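Understanding the architecture of this molecule
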Amino acid sequence: MFIGISALTLDGKGRMTVPARHRDLLLARSQGKLTLTKSPDGCLLMFADDEWTTFRDKVLQLPMSAQGWKRIYLGHATETEMDATGRVLISPELRLAAGLERDVDLIGMGRHFEIWDRAKHQAQEAAVIEAGMPEAVRDIVL
């Protein structure tokens, strides 16, 4: 399970170094094979190969009325691999789609990761907090 947030910096080629605590698990689960795709939330989603297959199969089962969502998730999907030093190349198209330039946040979301432009993530999180806690969340928070 992937949890936690890591403040990272993209290098000049658009590569992000995956923190060691996640790198070992990604190597064990999928030999470092990853899929990145666009999220309608304004970030990127990053899946280990096995989780991507599960997600992709669910998206493929969507009805024709959800064709636009299939296009968002599958049409923007890019397969990549971690290199020997744990770096992941994010394509220029996906960096542009998520507004990623230099400072990014990698957020473990259980079975996948989100990659956010740091300023955009901070603004999004502030908006969520300002909107107040929904009843469903209030019921589980201690």
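See above for the structure.
Residues numbered from 1 in each chain as written. Predicted model: local features only at pLDDT ≥ 70, side-chain atom pairs only at ≥ 80, totals over all residues. Heavy atoms only, no water.

**Considerations on unusual backbone geometry**
What counts here: Counting from the N terminus, the helices are DSSP H or I runs at least four residues long and the strands are E runs at least two residues long. Only protein chains enter the area calculation, which uses a 1.4 Å probe; residues under 20% of their type maximum are buried, those over 50% are exposed, and those in between are partly exposed.
The backbone phi angle of Q31 is positive, close to 55 degrees, even though this residue is not glycine. Following the sequence through the fold, Q31 ends up in the loop between α1 (20–30) and β3 (33–38). The exposed category is assigned to Q31, whose relative accessible area is 54%.

**What about the sheet that holds strand β4 (residues 44–48)?**
This is how the line gets drawn: Think of it this way: DSSP has to see at least two bridges between two strands before they count as a pair. To get an axis, fit a line to the C-alpha atoms, keeping to the stretch in contact for a helix; angles then go from 0 to 180 degrees between the N-to-C directions. Contact between two residues is taken to exist if any of their heavy atoms lie within 4.5 Å; hydrogens are not considered.
Taken together, the six strands give an open sheet; going across it, the order is β1-β7-β8-β4-β3-β5, and neighbouring strands pair in antiparallel fashion. The sheet is open, and its two borders are formed by β1 (2–9) and β5 (78–81), each paired with just one other strand. Between one strand and the next, the sheet's axes are offset by a mean angle of 25 degrees, whatever the strand orientation. Summarising the sheet, β3 and β5 pair through four bridges and their orientation is antiparallel. Each bridged residue has a counterpart across the sheet, and for L34 the counterpart in β5 is T80. With respect to the sheet, α1 is in contact with β1, β3, β4, β7 (103–110) and β8 (113–117), its orientation differing from that of β1 by roughly 115 degrees.

**A closer look at the packing of aromatic side chains**
Filter applied, for reference: Only Phe, Tyr and Trp rings take part, Trp by its six-membered ring, and two of them pair if their centres are within 6.5 Å. Stacked means planes under 30 degrees apart, edge-to-face means over 60, and tilted covers everything else.
Going through the model one piece at a time under the given rule, you end up with six aromatic pairs. Where W52 meets F55, the ring centres are 5.8 Å apart and the plane angle is 45 degrees; that geometry is what we call tilted. With W52 and F55 both in helix α2 (residues 49–60) and three residues apart, the pair spans about one turn of that helix. For W52, a relative accessible area of 6% corresponds to the buried category. Among the aromatic residues, those joined into a cluster by ring pairs are F47, W52, F55, W69 and Y73.

**Here we look at the pattern of salt bridges**
Selection rule: Here a salt bridge means any side-chain nitrogen of Lys or Arg lying within 4 Å of a carboxyl oxygen belonging to Asp or Glu.
Summed over all chains, the structure comprises nine salt bridges. Of the charged contacts, one joins E51 and R111 as a salt bridge, the two residues approaching to 3.9 Å between their closest N and O atoms. One end of the pair, E51, is in helix α2; the other, R111, is in the loop between β7 and β8, and 60 residues separate them in sequence. Of the charged contacts in the structure, one is a salt bridge between R56 and D57, with a shortest N-O distance of 3.1 Å. Among the residues examined, R56 registers a relative accessible area of 29% and is labelled partly exposed.

**Observations concerning the side chain of R95**
Condition: Neither His nor the chain termini are counted; the positive set is Lys and Arg, and the negative set is Asp and Glu.
With respect to the element layout, R95 can be found in helix α4 (residues 92–98). Despite its burial, R95 remains without a salt bridge, the nearest opposite charge being carried by D11 at 7.1 Å. Residues within four places of R95 in sequence aside, it is in contact with L10, K13, G14, I90 and L100.

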